[in-house]
Amino acid sequence: MAMVDEVVSGEAVAGEQEFKLGSTLPGDRKDFAVSIRGLVNRFGKQVVHDGLDLDIKRGEVLGIVGGSGTGKSVLLRTILGLNVPAEGDIMLLGENQRDLDEGDWRRVQARCGVLYQSGALFSSLTVAENIEAPMREHSDLDDDLMDQLAALKIQLVGLPLNAGDKYPSQLSGGMKKRAGLARALSLDPEVIFLDEPTAGLDPVGATDFDQLILSLQRSLGVTVVMVTHDLDSLVAICDRIAVLLDKKIRVGTMDELMRDPHPWMQAYFHGPRARAAGMGKTERPSGDGHPGDGHRGDGHGA
Ligand SMILES: Nc1ncnc2c1ncn2[C@@H]1O[C@H](COP(=O)(O)OP(=O)(O)OP(=O)(O)O)[C@@H](O)[C@H]1O
Ligand SMILES: [Mg+2]
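A. Quick look at helix α4 (residues 127-138). Within α4 the residues assigned to the buried category are Val127, Ala128, Asn130, Ile131, Glu132 and Met135. Buried residues belonging to α4 abut α5 (143-156) and α6 (173-184).

B. Spotlight on the packing of α4 against α5. For the pair α4 and α5, interaxial distance at closest approach is 9 Å and the crossing angle is 115°. Judged by the inter-axis angle, α4 sits roughly perpendicular to α5. Crossing hand, α4 versus α5: right-handed. Where α4 abuts α5, its residues Val127, Ala128, Ile131, Glu132 and Met135 lie against Met146, Asp147, Leu149, Ala150, Lys153 and Ile154. Split into classes, the residues belonging to the contact of α4 with α5 amount to eight nonpolar, no polar and three charged.

C. Here's a closer look at the nonpolar core. The biggest cluster of nonpolar side chains holds 72 residues, and the ones touching the most others in it are Val34 and Ile241. It is helix α8 (residues 231-237) that contributes the most residues to this core, five residues altogether. What Val34 contacts, discounting residues up to four positions off in sequence, is Leu54, Ile56, Ile79, Met91 and Leu92.

D. Representation of the site of ligand 1 within the structure. Taken together, Phe43, Val48, Gly66, Ser68, Gly69, Thr70, Gly71, Lys72, Ser73, Val74 and Gln117 form the complete shell of residues around ligand 1. Split by residue class, the shell around ligand 1 holds three nonpolar, seven polar and one charged.

E. Broad picture of the pairing of strand β4 (residues 87-92). Pairing of strand β1 (residues 34-43) with β4, which is carried by five bridges, proceeds in the antiparallel orientation. Within β4, the position partnered with Val34 by the bridge is Leu92. Sheet topology note: the β4/strand β5 (residues 95-96) ladder contains two bridges and is antiparallel. Looking across to β5, one finds that Leu92 is bridged to Glu95. The loop that links β4 with its antiparallel partner β5 comprises two residues; one of these, Leu93, has a positive phi angle of about 50°.

F. The sheet that holds β4, seen in detail. The strand order across the open sheet formed by four strands is β2-β1-β4-β5, and the pairing between neighbours is antiparallel. Looking at strand neighbours, the two that pair on one side only are β2 (46-56) and β5, the edges of this open sheet. Along the sheet, helix α2 (residues 72-79) contacts β1, β2 and β4; its crossing angle with β1, the most-contacted strand, is approximately 120°.

G. Main features of the sheet that holds strand β7 (residues 191-195). Taken in spatial order, the six strands make up an open sheet running β6-β7-β8-β3-β9-β10, and their pairing is mixed. The strands lining the two open edges of the sheet, one partner per strand, are β6 (112-115) and β10 (248-252). Across the sheet, the mean angle from the axis of one strand to that of its neighbour is 15°, orientation sign disregarded. Where β6 and β7 come together, four bridges link them in parallel fashion. By the bridge assignment for β7, Leu115 is matched with Leu194.

H. Spotlight on the pairing of β7. The buried count for β7 comes to five of five residues, which makes it a mostly enclosed element. Judged by which residues are buried, β7 turns out to be covered on both faces: Val191, Phe193 and Asp195 on one side and Ile192 and Leu194 on the other are all buried. Sheet topology places β7 next to strand β8 (residues 223-227); five bridges connect them, and they run parallel. When the sheet's bridge partners are listed, Val191 is paired in β8 with Thr223. Running through helix α7 (residues 203-220), the crossover from β7 to the neighbouring parallel element β8 is right-handed.

I. Structural context of the packing of α4 against α6. Their axes nearest at 8 Å, the elements α4 and α6 cross at an angle of 30°. Regarding the angle of α4 to α6, the classification is roughly parallel. For the element pair α4 and α6, the recorded crossing hand is right-handed. Contacts between α4 and α6 involve Val127, Asn130, Ile131 and Pro134 on the former and, on the latter, Ala179, Ala182 and Arg183. When the residues that make up the contact of α4 with α6 are grouped by side-chain class, the tally is five nonpolar, one polar and one charged.

J. Up close: α6. Here α6 spans 17 Å end to end across 12 residues, near enough to the 16 Å set by a 1.5 Å rise per residue. For α6, every residue scored as buried is listed here: Lys177, Arg178, Ala179, Gly180, Leu181, Ala182, Arg183 and Ala184. In this fold, the buried residues of α6 make contact with β6, α4, α5, β7 and α7.

K. Highlighting unusual backbone geometry. Non-glycine residue Glu196 carries a positive phi angle of around 55°. Of note, Glu196 is situated in the loop between β7 and α7. If you check the backbone angles, Asp246 has positive phi at about 55° while not being a glycine. Looking at the secondary structure, you find Asp246 in the loop between β9 (240-245) and β10. For Asp246, a count of 12 C-beta atoms within 10 Å corresponds to the exposed category.

Definitions and cut-offs
- Residues numbered from 1 in each chain as written.
- Chains lettered and ligands numbered in written order.
- Predicted model: local features only at pLDDT ≥ 70, side-chain atom pairs only at ≥ 80, totals over all residues.
- Buried ≥ 20, exposed ≤ 12 C-beta atoms within 10 Å, placed from the backbone.
- Helix = DSSP H or I, 4+ residues; strand = E, 2+ residues; numbered from the N terminus.
- Contact = placed C-beta atoms within 7 Å.
- Axes fitted to C-alpha atoms, helices over the stretch in contact; angles between N-to-C directions.
- Parallel < 35°, antiparallel > 145°, perpendicular 65-115°, else oblique.
- Left-handed = near helix turned anticlockwise from the far one by under 90°.
- Nonpolar A, V, L, I, M, F, W, Y, C, P; charged D, E, K, R; others polar.
- Core = buried A, V, L, I, M, F, W, Y, C linked by C-beta atoms within 7 Å.
- Near = placed C-beta within 6 Å.
- Pairing = 2+ DSSP bridges.
- Right-handed = clockwise from strand over helix to strand, strands pointing away.
- Expected span 1.5 Å × (residues − 1).

Here it is in structure tokens:
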């Protein structure tokens, strides 16, 4: 830690003005999973995003953090075209909603999987029926094939096969998250958006879920955009981290963010929970190893 502290104070002395973490990347915006320029979101007089830029590379795991109410969920909804922003240019998988008719935009949406913050499985449908719901909406597969595909997704997320016949109320919290993930994977998406997938899980369950997301990303090559308050997830599985702060976004690797002198960044990335998560010493695992050392925050920090 001593070394990190030295770097931080050195940067801080150099002045906050000189420390700038960009949120855009070089290259053609059409090649990115997501590319946002000049996003403004307002609700009445409340400005949530003000000139926000963000590029998300294909195949990366991007973590999104920020205090409660900073607009993380609104950002995901805006990217997916579920919230119409006041201003800004948003590309999803190289396509811009305003250039497309409704049908074409729905086809772009169908290339994305989403696990909402509330989980939101249909309570009146079994797990298998939940997973099949997007297939029914976006394809004309026959029932047998849909059943087989649902069984495949159920196995993919590590649920027992008989979970397919269960209703959400019959599942544990961790199983519900997995079922929600299976539904997000229903249409073999190119990018999945996860809004606080590990909130409410116990530490072991959360670590297992992180590993599941990482292994899916590796085996399927899917881009993962994950909102989380969970510092262990950030350390364990994210390639880069985007921080919503002052109505804009700063993106960097863990090491870069730890050097950001902004007081919120210092408090977040150097606080006791960050230290418990082993920040600044734990590398993203390159093999199939277990991340961290068993420490895990309460999942509701910052
Ligand atoms: N449809 C809406 N109408 C009015 N205000 C909204 C709407 N959606 C979001 N907001 C406001 O925008 C702000 C950002 O909300 P958002 O849900 O994105 O926060 P968040 O960063 O996801 O917070 P949390 O970490 O608690 O989930 C909040 O102040 C919220 O009240
Ligand atoms: Mg939210």
